[in-house]
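# Commentary on secondary and tertiary structure
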Amino acid sequence: MKITALLVLKSDASASSSSSASAGGGDPLVLANATDVSHFGYFQRGAAKEFILFVARTVAKRTPPGQRQSVQHEEYKVHSYNRNGLCAVAFMDDHYPIRSAFSLLNKVLDEYQKAFGDSWKLAKSDATQPWPYLTDALTKFQDPAEADKLMKIQRDLDETKIILHKTIESVLERGERLDSLVEKSSDLSAASQMFYKQAKKTNQCCTVL
């Protein structure tokens, strides 16, 4: 079991309905980001980090307030929880239990608001300073048993439906195409976009995730 990344984002979806937020509005801002790409090949790590940012923004932007959703991509899952515009996203392998994953995201949002209050609402750009708690959580919660401990005190998880998507494409609005989003993304360098196109041709698209 592996957690590759944990992120906290400010999502404009907080001010809009699901459909309008998905179709328009600015991209979510990254408030905190902890990533471990050491298990990728040396020359893949830069592209992996860029794709993590790209997919995190893509999924967070399409997660309405109050919703929990999981997006399946090959052997990976991207979990997202939007709490009134403050959105936590996790990249995990397919073996990490979903309930444990959302217990962790709930804890991350609790800790973020304890540390920063509502200051995130004033954010105008991505944060560049690391948040030590998130870095520590990325290590500590590699063991789902640690997240399971959280589940015992987070009873509300059982009351909230988790929406499951089989592909990244299924999260997108009608008429949206992943290829177009990749081309327009400011998170992806030209090299990463080329990597995406080449990987897609060999049916290995986004294995960096």
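Taking an unreviewed UniProt entry as the reference, the chain is identified by name as VAMP-like protein YKT61 belonging to Rhynchospora pubera. Under the Subcellular location (unreviewed entry) heading, UniProt states for the chain: "Cell membrane".

Next up on the list: the overall build of the chain. The number of helices and strands found in the chain is seven helices and six strands. The helix and strand sequence of the chain, counted from the amino end, reads β-α-β-α-β-β-β-α-α-α-β-α-α. Looking at the chain as a whole, 49% of its 209 residues qualify as buried. Within the chain, contacts between residues separated by at least 24 positions form 68% of all contacts whose residues are at least 6 apart in sequence. Counting only carbon and sulfur atoms, one obtains 51% of the accessible surface of the chain, whose full area is about 10,400 Å².

Here the focus is unusual backbone geometry. Even without glycine at this site, asparagine 84 takes up a positive phi of about 55°. Topologically, asparagine 84 is positioned in the loop between strand E4 (76–83) and strand E5 (86–93).

Think of an α-helix as 3.6 residues a turn; residues three or four steps apart then line up on the same face. Among the residues of helix H4 (residues 132–140), Leu134, Ala137 and Leu138 are the ones counted as buried. End-on, the buried residues of H4 take up no more than an arc of 105°, which puts them together on one face. Turned more than 90 degrees from where H4 packs its buried face, Pro132, Asp136 and Thr139 sit exposed. Considering only its buried residues, H4 is in contact with strand E1 (3–10), strand E2 (29–35) and helix H3 (98–116).

Mapped onto the secondary structure, lysine 107 falls in helix H3. Take lysine 107: its relative accessible area is 23%, and that puts it in the partly exposed class. Considering only alpha carbons, one finds lysine 107 and leucine 150, 43 residues apart in sequence, at a separation of 7.6 Å.

A few words now on the nonpolar core. In this structure, Ile3, Leu6, Val8, Tyr112 and Phe141 are the most contacted members of the largest nonpolar core, which totals 29 residues. Of all elements in the fold, only E1, E2, E5, H3, H4 and helix H5 (144–151) reach the threshold of two or more residues within this core. Counting residues per element, this core draws most heavily on H3, at seven residues. Sequence-distant contacts of tyrosine 112, defined by excluding residues within four places in its chain, comprise Val8, Leu31, Ala32, Leu86, Gly117, Trp120 and Trp131. Judged by nonpolar contacts, the second largest core, of 20 residues, contains Leu7, Phe40, Val59 and Tyr76.

Turning our attention to the pattern of salt bridges. As a working rule, side chains carrying opposite charge can pair if their charged atoms are close by. Applying the stated criterion to the full structure yields seven salt bridges. Where aspartate 36 meets lysine 2, a salt bridge forms, and the shortest distance between an N and an O atom there is 2.6 Å. With aspartate 36 in the loop between E2 and helix H2 (45–61) and lysine 2 in the segment before E1, this pair connects stretches of sequence that are 34 residues apart. Aspartate 27 is the partner of lysine 61 in a salt bridge, and the nearest nitrogen-oxygen pair spans 3.3 Å. Of the two residues, lysine 61 is situated in helix H2 and aspartate 27 in the loop between helix H1 (18–23) and E2; the sequence distance between them amounts to 34 residues. Given a relative accessible area of 48%, aspartate 27 falls into the partly exposed group.

Definitions and cut-offs
- Residues numbered from 1 in each chain as written.
- Predicted model: local features only at pLDDT ≥ 70, side-chain atom pairs only at ≥ 80, totals over all residues.
- Heavy atoms only, no water.
- UniProt positions renumbered as here; feature names shortened; annotations may be inferred.
- Helix = DSSP H or I, 4+ residues; strand = E, 2+ residues; numbered from the N terminus.
- Buried < 20%, exposed > 50% of the residue type's maximum accessible area, 1.4 Å probe, protein only.
- Contact = heavy atoms within 4.5 Å.
- Areas by Shrake-Rupley, 256 points an atom, 1.4 Å probe, with all protein chains shown as cover.
- Arc of directions from axis to C-beta.
- Core = buried A, V, L, I, M, F, W, Y, C linked by side-chain atoms within 4.5 Å.
- Salt bridge = Lys/Arg side-chain N within 4 Å of Asp/Glu carboxyl O.

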